Structure formats: C-alpha cells, structure tokens
Amino acid sequence: MGGKTLTRADLAEAVVRNVGLPRNESQELVELVLSEISNCLADGEPVKLSSFGSFGIRQKGERVGRNPKTGEEVPITPRRVLIFRPSNIMKDRINGGQKGRRRAAE
Amino acid sequence: MIKSELIQRISAANPHLYHRDVERIVNVIFDEIVDALARGDRVELRGFGAFTVKHRPAREGRNPRTGEPVPVEEKFVPFFKTGKELRDRLNVPKKKGH
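Residues numbered from 1 in each chain as written. Chains lettered and ligands numbered in written order. Predicted model: local features only at pLDDT ≥ 70, side-chain atom pairs only at ≥ 80, totals over all residues. Heavy atoms only, no water.

With an unreviewed UniProt entry as reference, chain B is termed Integration host factor subunit beta, source organism Candidatus Filomicrobium marinum. Per UniProt, chain B has the following entry under Subunit (unreviewed entry): "Heterodimer of an alpha and a beta chain." (UniProt positions renumbered as here; feature names shortened; annotations may be inferred.)

An unreviewed UniProt entry lists chain A under the name Integration host factor subunit alpha, with Candidatus Filomicrobium marinum as the source organism. What UniProt states about chain A under its Function (unreviewed entry) heading is, verbatim, "This protein is one of the two subunits of integration host factor, a specific DNA-binding protein that functions in genetic recombination as well as in transcriptional and translational control." The Sequence similarities (unreviewed entry) comment attached to chain A in UniProt states, word for word, "Belongs to the bacterial histone-like protein family."

Below is the structure:
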C-alpha cells in the first residue's frame, strides 16, 4: 500500500489520461490551478474546495520559543499560517482505502 | 474562493476550453490527490505544499459524560504541510520595527 510520492507531473498525467489534453497544456493547467489557490491565500482569502477540503489562514500572535540546541529563549514573531481542513469525503476515502471497511466485517 | 469560482477563473484564462472540460480538469486534479492519499502515497507540490497521511493507532478513549472507556479504532488522517514559497508569501515582511 503506497509509499510513493506523486508530483505535479503525476497530476498532469491524470489530466492527460482523463481529459485527453496534450501533456504540456495539462502541465500548465495544473500549475494554474495551484497558483490561483496560492494567490488567493496570499491575499488572505480562504479557499474552499467541496469534496476535497478547505484552506484557511490563521493569525498567530507573538510567543516565546526556544532554540532547541542552545536552550536560549527567542521571540517568535506574529505570523499568518495556513491550515488545511480535509472534507469528510476525503477522510472517509482515506480510511476506506487504507484498511477496507472495518465496519462491514463486524 | 470556492471551487466554482476557481473553475471560472481557469476558464477565463483558457477561452479555447469548454467550461465543462475545465470542470473535469479541476476535479481530476483533486481526485488524483485523494486517490494517492487513499493508497497511502504522498503528494508533494513544490512551492505549494505536501499532502501526507498520518497514522493514528487504536487507543482507549473515554465517554466524556460517563467516564466509561471505549475502544477507538486506528485511523488514517490526511495532513497538509505548507510549502516554503507559499508560507513566505503569507508573511511578506511589511511590519515596522524589527
């Protein structure tokens, strides 16, 4: 079960296979999808993709961190972080795919 | 932005494609990511981020109302780690002082 790493090229290949577009155009489309999402998030706007999940932005305040090597205290500046919330559909498919429907066996 | 708006924008940038084909393209991309995760693979999109699956072993949970122990099955949860480029873009330095 798995252990492989997929990249942009694999996503483009899926577009070639399923939609029948040329490879270079498929690559451009994958890139465009990712950059549209990135641009939105960089502007601070959340992105919701039904049946996949949603990307949101969370504002973090300043806090005290520690250099794990020296033990020295260092301030961590306020920042914006990205959070991804998977949809229930994604969660279900991942559990179904990994171990089969356990429920059915009971 | 929601999925239909994403499709709209991709469509606008590719007037030679049918709207319904753009819809299929966008869905194929996200389905491919979910399929990969369901197989236990990871998806690494440099500059954007990486989707992985984390294993949560079975554990003994508790019914918070009664305190009664209940078995919680092992499960796999999807996880996203933001890529460096995107992380940097979220925090473009424009702060004053330091």
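## With respect to the packing of aromatic side chains
Under the criterion given, the structure shown has 11 aromatic pairs over all chains. On the numbers, 5.6 Å between centres and 80 degrees between planes, the contact of Phe 52 of chain A with Phe 51 of chain B is edge-to-face. In this pair, Phe 52 of chain A is assigned in the loop between strand 2 (47–49) and strand 3 (53–60) and Phe 51 of chain B in strand 2 (residues 49–56), connecting two distinct chains. In this structure, Phe 52 of chain A and Phe 51 of chain B share a single accessibility class: buried. Feature note: the residues Phe 52, Phe 55 and Phe 84 of chain A together with Phe 30, Phe 48, Phe 51 and Phe 80 of chain B constitute an aromatic cluster, connected by ring pairs. Taking NZ or CZ as reference, Arg 20 of chain B lies 5.0 Å from the ring centre of Tyr 18 of chain B, over its face. The cationic tip of Lys 54 of chain B hangs over the ring face of Phe 79 of chain B; the distance from NZ or CZ to the ring centre is 3.9 Å. (Phe/Tyr/Trp six-rings, centres within 6.5 Å; stacked < 30°, edge-to-face > 60°. Helix = DSSP H or I, 4+ residues; strand = E, 2+ residues; numbered from the N terminus. Buried < 20%, exposed > 50% of the residue type's maximum accessible area, 1.4 Å probe, protein only. Lys NZ or Arg CZ within 6 Å of the ring centre and 35° of its normal.)

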